[in-house]
Amino acid sequence: MSVLVLVLAVSAACCLGFGFVLQQNVAQRAPLSDFLSFRLLLDLMRVPRWLGGIGLMVAGMVLGAIALGKGEISLVEPLLATNLLFALALSRHQTRQPLSHQGWTGLLLLAGGVTAFILAGQPRGGTAVTNPFRHWLIIGVMVGVALLLTTCAKRSRLSWGPVLLALAAGLLYGVQDALTRVTGTRFSEGGLVEVVTGWQPYGVVALGVTGLMLVQSAFETAPLRMSLPALTAAQPLAGILCGVGFLGDRLRTDTGALAWEAAGLAAIVAGIVLLGLHPAMPRGTSETERARDLQSR
C-alpha cells in the first residue's frame, strides 16, 4: 500500500469527521419545515459554523479524490470510514465524555477491521469494465435503493427517518466516489476536454448536492449518533461494490481471504455502530421537542 495514498485517505477522513460534527451542530437547530428540501441548504449557508464544516468536508472530498486517483477505491474507502474516529474525537472535546470500554472496543474493531480487510483482500488495480450496461446496472441499483430509503424516511422522519436518510446518502456518496475515480482517469487520458464531454463529472456534482441535502436533513432531525454510523458504514460498502463491479479493482478470492475480508467488513460496521452510539456523540434536539415543533408548524 502506498504511503501517500494512506496519508491522503486518513487526512481526508480527518477533514470529513470534523466537518460532519460542525455541520450537525448547526443543522440540528434548523426548522423542520425545511426537511428534505434544498431550502435547508440555503438556510444553513447563513451560519459561519456550518460553512466551516462544509469547507472541511470539501477539503476531505478533494483529498479523497486525489487518493482515489492514486489508489484503488477498494483500498481508499475503508480508510475513509475512519472519519468516525475523528468525529468522535471532536465530539469528546465538546462533550467532555470519557472514551470508556465501548469507545475503545469500537475503535479497535474499526481499526482492526480496516487492517484485516486490506491485508486479506490486497486491493489492486485491474482493467475497468467497458460494458456500459454493467455501469448503469450497479449505479441504477444504488440510486434506486437510495430513492426507496428516502421515500420511507419521509414517513418516519422522527423515528427511523434519519438512519434511512444517512444510509441513502452513504450509497450516493459511494457511487460519487466511483464516478470521481472515473473522472480522474478521463482527465489523465484526455485532459479537460475529455472530462467535460463525459457525463461522470456532472453525476459527481448531482450526487454530491443530493447527498448533502439528505445528510443535513438527517442531522436536522436526530442526534449524530443515529445518522453518522449509517452514513459511514454505507459509503465504503457502496464504493467497494462499484470498484469491484465496474472499475476493475481486484481482491483476493480464495476461501481464507474471503473469510477475512468478510470478517473485516463486519468488524468495520460493528466498530462504526459502537462509536456512533458512544455518549460523546452530540445528542441533538430530543425527539419530543422535534415532534412538538413539527406539530406547531
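Below you will find a few notes about this structure. Keep in mind that this is a model prediction, so the values were computed, not measured.

Cut-offs used in this document
Residues numbered from 1 in each chain as written. Predicted model: local features only at pLDDT ≥ 70, side-chain atom pairs only at ≥ 80, totals over all residues. Heavy atoms only, no water. Helix = DSSP H or I, 4+ residues; strand = E, 2+ residues; numbered from the N terminus. Buried < 20%, exposed > 50% of the residue type's maximum accessible area, 1.4 Å probe, protein only. Phe/Tyr/Trp six-rings, centres within 6.5 Å; stacked < 30°, edge-to-face > 60°. Salt bridge = Lys/Arg side-chain N within 4 Å of Asp/Glu carboxyl O. Core = buried A, V, L, I, M, F, W, Y, C linked by side-chain atoms within 4.5 Å. Patch = residues over 30% accessible without salt bridge, like charges linked within 9 Å, V, L, I, M, F, W, Y side chains within 5 Å. Areas by Shrake-Rupley, 256 points an atom, 1.4 Å probe, with all protein chains shown as cover. Expected span 1.5 Å × (residues − 1). Disulfide = S-S within 2.5 Å. Contact = heavy atoms within 4.5 Å.

With that settled, the discussion passes to the environment of D43. With respect to the helices, strands and loops of the structure, D43 is situated in helix α2 (residues 39-44). The class for D43 is partly exposed, based on a relative accessible area of 22%. Along the chain, D43 and A30 lie 13 residues apart, while their C-alpha atoms are 7.7 Å from each other.

The final tally for this structure, using the stated rule, is three aromatic pairs. Ring geometry for W136 and W199: centres 4.6 Å apart, planes at 25°, overall stacked. With W136 in helix α7 (residues 132-155) and W199 in the loop between α8 (161-196) and α9 (200-221), this residue pair connects regions lying 63 residues apart in the sequence. By relative accessible area, which is 34% here, W199 ends up partly exposed.

Below, the discussion takes up the pattern of salt bridges. As enumerated under the stated definition, the model contains four salt bridges in all. Put simply, E194 and R186 hold a salt bridge, and the shortest N to O gap is 3.5 Å. By relative accessible area, which is 18% here, R186 ends up buried. Linking D254 and R252 is a salt bridge whose minimum nitrogen-to-oxygen distance equals 3.3 Å.

Time to look at the nonpolar core. As a rule of thumb, soluble globular proteins bury nonpolar side chains together. Core analysis: the largest hydrophobic core is formed by 76 residues, its most contacted members being L214 and L231. No other element matches α8, which puts 13 residues into this core.

A surface patch of nonpolar side chains, about 370 Å² in accessible area, is lined by F133, L137, V141 and V145. Counting through the fold element by element, V145 comes out in helix α7. A relative accessible area of 37% places V145 in the partly exposed class.

Before going further, it helps to examine helix α10 (residues 224-246). Structural remark: α-helix, 3.6 residues per turn; residues separated by three or four positions point the same way. For α10, spanning 23 residues, the distance from its first C-alpha to its last is 33 Å, which sits close to the expected 33 Å at 1.5 Å a residue. Positive phi appears at G248, one or two residues downstream of α10, with a value of about 90°.

Any covalent bond linking the sulfur atoms of two cysteines counts as a disulfide. On inspection of all chains with the given rule, the structure shows zero disulfides. Of all cysteine sulfurs, the one in C15 lies closest to C14, which takes part in no disulfide; the gap is 5.5 Å. Classification of C15 as buried rests on a relative accessible area of 15%.

You can see L179 is positioned in helix α8. For the pair L179 and L107, spaced 72 residues apart in sequence, the C-alpha to C-alpha distance is 30 Å. Dropping the residues within four chain positions of it, L179 is found in contact with I139, W199, Q200, G203, V204 and L207.

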